[in-house]
Amino acid sequence: MADTKILAVNAGNPEPEVIEQAAAVLRGGGLVGFPTETVYGLGADVLNLDAVRSVFRVKGRPGDNPLIVHVSGTRQLDDVVDEIPDKGKMLGEAFWPGPLTLVMKRTILVSDLVTAGLDTVAVRMPGHPVALALIRAFGEGIVGPSANLSGRPSPTTAQHVYDDLRGQVEIILDAGPTTIGLESTVVDVTTEPPMILRLGGLTKERIEEVIGQVEIDTAGSRNARSPGTRYRHYAPRAQVMLVRHEDREGFAALLQEQRQSGKIVGCIVHSPLLAKLETGDSFRVLPSSIEIFARHLFRTLRELDALRAEVIIVEGVPEQGLGATVMDRLRRASNG
Ligand code: TXA
Ligand code: MG
């Protein structure tokens, strides 16, 4: 394939001629890296099976991990979803376009390749003007897994997409860093109560304000509802080690132990207590605000990889709201 082109695009008011170039790539069965408010996605025509196959191939993604279909409006939604349960409607009305993915019964238009043979399909209407403009210009739904190599931290900049998928995508639309920095929340609304299959940028608390109690099943093992959660995920090349929030002694001891064993150690902390231990370039202090911490997390993991860290010690965050999603990602990155 030819070189990957990175095209700058205005995040709030995308230039139609730039969007049209990307839509033309999709029509030709090619792949496009595109920004959403969560992370960058790898776009392809949902109805073009060769294009969908190349999405799995270039990511190195296992075939039993289904893709999310991204839509910009109700016509595309009706094409892929057979039946929208009431609670699905309520969530869609409250949070779409936004960082929410709904799992619902699929129509026969959706290929087994996309859903990994499940009788459901995951659908999301992203809240980013560039993503919406791209889907509208293309006209049909597009599949949109995170545009990283399988297992790596999701990309929050166009450069991350380029780093992982150079030469494998025709165009990357660059609208700057994503604002949320974590993937969408995946909710299965075919069950009662609905089930959160992947924690994400929309908190459980906000979901429950709209539809009442939901359950969380992010293990993916019990019923294979969200196959993707079975794999190692969100992991930098370095080994991630997690210490408790504000655990100064534990953190200092681990840091010393790892350094003494000769490892290149990176650190990510946020509380003032641990920030005091700061020791140079591979020691990153992120803001304590959970929104900003989340926005910078994947990017910082990739940056410490680039500094050749072998171990990354991360200070945990309080486990509520977005903090629950951050802790989910950190545990997966550290392999439990
Ligand atoms: O924020 C996001 O959701 C990003 C942006 C680009 O939209 N996309 C994303 O896609 O994170 P991906 O492919 O990296 O993750 C999709 C998740 C996986 O955990 C997958 O197993 C789950 O959604 N999933 C997809 N279809 C499903 C289905 N029919 N039933 C249950 N889980 C499903
Ligand atoms: Mg992903």
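Residues numbered from 1 in each chain as written. Chains lettered and ligands numbered in written order. Predicted model: local features only at pLDDT ≥ 70, side-chain atom pairs only at ≥ 80, totals over all residues. Heavy atoms only, no water.

When its secondary structure is counted, the protein shows twelve helices and 16 strands. Rg of the C-alpha trace for the protein: 20 Å, near the compact-globule value of 20 Å for 336 residues, within the 12% margin. When its C-alpha atoms are laid out on the principal axes, the protein stretches across 55 × 50 × 35 Å. Burial analysis of the protein (336 residues in total) assigns 59% to the buried set. Long-range pairs, those at least 24 residues apart, make up 68% of the contacts in the protein with a sequence separation of at least 6. With 36 positive and 42 negative side-chain charges, the protein shows a spacing of 4 Å between the two charge centroids. (Helix = DSSP H or I, 4+ residues; strand = E, 2+ residues; numbered from the N terminus. Rg over C-alpha atoms; globule rule 2.2 N^0.38 Å. Buried < 20%, exposed > 50% of the residue type's maximum accessible area, 1.4 Å probe, protein only. Contact = heavy atoms within 4.5 Å. Lys, Arg positive; Asp, Glu negative; His and termini not counted. Charge placed at Lys NZ, Arg CZ, Asp CG, Glu CD.)

The final tally for this structure, using the stated rule, is 20 salt bridges. Two residues, Glu 37 and Arg 124, come together in a salt bridge whose shortest N-O distance is 3.1 Å. Remark: Arg 124 occurs in strand S7 (residues 120–124) and Glu 37 occurs in the loop between strand S2 (32–34) and strand S3 (41–45); sequence separation between them is 87 residues. The exposure class assigned to Glu 37 is buried, which follows from its relative accessible area of 9%. Arg 124 sits in the buried class, given a relative accessible area of 2%. For the salt bridge of Glu 319 with Arg 331, the shortest nitrogen-to-oxygen distance reads 3.0 Å. Residue Glu 319 is found in the loop between strand S16 (311–315) and helix H12 (322–333), and its partner Arg 331 is found in helix H12; the two are separated by twelve residues along the sequence. Looking at Arg 331, the relative accessible area reads 35%, which means it is partly exposed. By sharing partners, the salt bridges in this structure join Arg 152, Asp 164, Arg 302 and Asp 305 into a single network. (Salt bridge = Lys/Arg side-chain N within 4 Å of Asp/Glu carboxyl O.)

A few words on the pairing of S7. Side-chain direction in a regular strand flips from residue to residue, so the side chains alternate between the two faces of the sheet. Within S7, five of the five residues are buried, which leaves it mostly tucked inside the rest of the structure. Judged from the three bridges that link them, strand S4 (residues 68–70) and S7 form a sheet pairing that is parallel. Directly across from His 70, in S7, lies its bridge partner Arg 124. (Pairing = 2+ DSSP bridges.)

Moving on, we come to the domain arrangement of the protein. Taken domain by domain, the protein holds domain 1 (5–225) and domain 2 (239–333). The C-alpha centroid of domain 2 is placed 28 Å from the C-alpha centroid of domain 1. At the interface, 21 residues of domain 1 touch 16 residues of domain 2. Here domain 1 is connected to domain 2 by three salt bridges. A salt bridge links Arg 302 to Asp 164; the shortest N-O distance between them is 3.0 Å. Here domain 1 and domain 2 share ten residue pairs in polar contact (both at pLDDT 80 or more) between them. Taken together, the residues that form the side of domain 1 that touches domain 2 break down as five nonpolar, eleven polar and five charged. (Domains from an automatic or database assignment. Polar contact = N/O pair within 3.5 Å; in protein donor to acceptor, adjacent residues only side chain to side chain. Nonpolar A, V, L, I, M, F, W, Y, C, P; charged D, E, K, R; others polar.)

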